[in-house]
Structure formats: C-alpha cells, structure tokens
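The primary structure of each chain is shown beneath.
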Amino acid sequence: MARRPKGRLVNGIVLLDKDTGMSSNFALQRVKRIFNAAKAGHTGALDPLATGMLPICLGEATKFSQHLLDADKRYLVTAKLGERTDTSDSDGEVVQTRELNFSQERLEECLEHFRGDTMQVPSMFSALKYQGQPLYKYAREGIEVPREARPITVFELLFVSLEGDELTLDIHCSKGTYIRTIIDDLGEMLGCGAHVTMLRRTQVAGYPYDKMVSLAQLEELLESAKTQELAPKALLDPLLLPMDTAVSDLKEINLPRDMGDYLKHGQPVQAAGLVDGELVRITLGDEHEFIGIGTMNDDGLLAPKRLVVFAPAQQD
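Rules used in this analysis
Residues numbered from 1 in each chain as written. Predicted model: local features only at pLDDT ≥ 70, side-chain atom pairs only at ≥ 80, totals over all residues. Heavy atoms only, no water. Pairing = 2+ DSSP bridges. Helix = DSSP H or I, 4+ residues; strand = E, 2+ residues; numbered from the N terminus. Axes fitted to C-alpha atoms, helices over the stretch in contact; angles between N-to-C directions. Phe/Tyr/Trp six-rings, centres within 6.5 Å; stacked < 30°, edge-to-face > 60°. Buried < 20%, exposed > 50% of the residue type's maximum accessible area, 1.4 Å probe, protein only.

Colleague: I keep staring at the sheet that holds strand β13 (residues 251–255) and nothing clicks. Help me out?
Modeller: Note on sheets: strands pair through backbone hydrogen bonds, and any given pair is parallel or antiparallel. Here 4 strands make up an open sheet; going across it, the order is β13-β14-β15-β16 and the pairing mixed. In this open sheet, the two edge strands, each paired with only one partner strand, are β13 and β16 (302–307). Strand-to-strand, the axes of this sheet are offset by a mean angle of 40°, without reference to chain direction. Across 5 bridges, strand β15 (residues 289–296) lies against β16 in antiparallel orientation. Paired with Ile 293 across the two strands is Arg 306, which belongs to β16.

Colleague: What should I look at first to understand the packing of aromatic side chains in this one?
Modeller: Two numbers describe a pair of aromatic rings. These are the distance of the centres and the angle of the planes. Inspection of the entire model under this criterion finds 1 aromatic pair. An angle of 65° between the planes, with centres 5.2 Å apart, marks the rings of Phe 64 and Phe 290 as edge-to-face. With a gap of 226 residues between them, Phe 64 in the loop between β3 (51–58) and α2 (65–69) and Phe 290 in strand β15 connect regions that are remote in the sequence. The two residues Phe 64 and Phe 290 agree in class, both being buried.

The values are spatial; any link to function lies outside them.
As structure tokens, then:
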C-alpha cells in the first residue's frame, strides 16, 4: 500500500522574492513548510548574497521546473571597482586593490565586449560539478580545477550608473551565465579589478516582477489565517501562479477531452500542428485544461512526455 505523502497536495508556482543572506534551499524549505506542501523545488539557485525572483514550484509544477531552469534571466548588479576578491563578490577576501583610471568611453568599449554570444569560464565558486563534487567545494579547499568555457548569450547589457567606485548594470542573459564572472572579467579589462556587492534577479522567463512575495509576507499571511481561524490555504493559495505558466512559451496543442484519456494512459494520439523535435503544451477541451507536455514520436503522433497527475483533494 502506497504511503500517503506528508503535507498537502497543492500545485502551483510561488514567485518568491528571496532575501539576501539565505541559501536558495533554505528559502525553498521555508516556502514548502508555509504552504504545508508535500513536494517542492526551485528553478535555479541564487547565491546567498543575491536577492530577487526565485520561482518555487509546488506539487505537480515541479515536473516543469527544468523549463524555468533553462529560461532567460535578468539581473540588476552593483560592482565595487578597484577591488578584486577571491570569490568575485563581497563575501570573499580582497586579493588585490588598484586605482581607477579609465574613461567613460573605455567603459563602454569594455561593456560591448560582453554583449551577444560569448564564451565564459565558470567561477570556481559555482555549483557546477567536477568529478562529482561542486566547484565551490574545491575552491574552499584552495584547489583549482580545470573548467571549460561555455557558450552564453547576453541579450542586453545596460549601463545604469557610475557613482564613485560603484558601477550598476542591468543584464538580460541566457541560462548558465555567471554575473560575478562578468564583473570580475570587466574589472580586469578596465585594469582596476571589481567584485559584486549587490545582485538582484528581476526576471525569470516572462514572470512579472510585481507578483513576487517575500518570506516575511508569507509568514504574515500564515499568522493572519491562524488569527482569523481560517485554513492557511484560503490566504496563501491565491498567490500561486498556474503550473502551466512554467511552459507558457511552448506551442499549445488543444485536444478533445476523450483523446486526453488515451494520453493519460501513455498512448500517442493524432494531433495537428506537430513539428519533429518540438515540445508542446497539451490542453483539453474548451476550458483548455493543462495536462502536461509532449512531443511528436517516430510515427508522427503526439506522445506524452510529462503529464500532470491530479490527486483527490485533501483536508488541511
């Protein structure tokens, strides 16, 4: 007999505004506890120093978290010029101090170098793995390991301000881009060194900035529900975004409800508009109920790849 999961079978996405000083996993566990969710996962870690948008997937939404991991991101970053640290951010130790001696024209030339498609060598203080261990573990032991440069794309890099030795930039980039590596590399190009002092993620995919909610706000709602003798979900669940927002950029294939029954049993079905190798978002009926994602198989049929399983409603 299957064990009943601990927690509530709740599905959706919370746009968390992560505070500075906490790990992404700590934030994830707090959100999971507040919602009393049986299952939760985040969509790309933020450094403890960083703040901002951290989508938390609850329940069946975790099946589509990879899509958000692969999505474009946008950051607002402030760098201190004249100091280079061993971690490329203010959590590290200063290893070199140099004077600022560059013009605005030179700064613009250097910024242009990072725009578009480039190759980036990941920081030793990243979570990328080498021989099964995260790079940051080697870095903390003072061990340097080889890292291959990886292709990244900076879609937009905007100069915001330069006040004294503090440079602020707005960067829209592809997945896998390390902002502190851009800042460290920029500091070396300018000949003065630099490190990140503030990093805020302002966008993931197309999620709206104004829909973010902090842990403090979630805790307040939880406490308010207790005070009003309400089920916590009455105040918390309205904050959840639908799980299909994680794959909203995929082409929709809308099917009659009876065809959905075949898909739910793993059987491919005939569908118009399929393209070989393209993932699609599958909906049913006039209500366009989201049931998962699929792709065209070798026979030209729509085959399910990852489907939503709706469990019976639970008491809180």
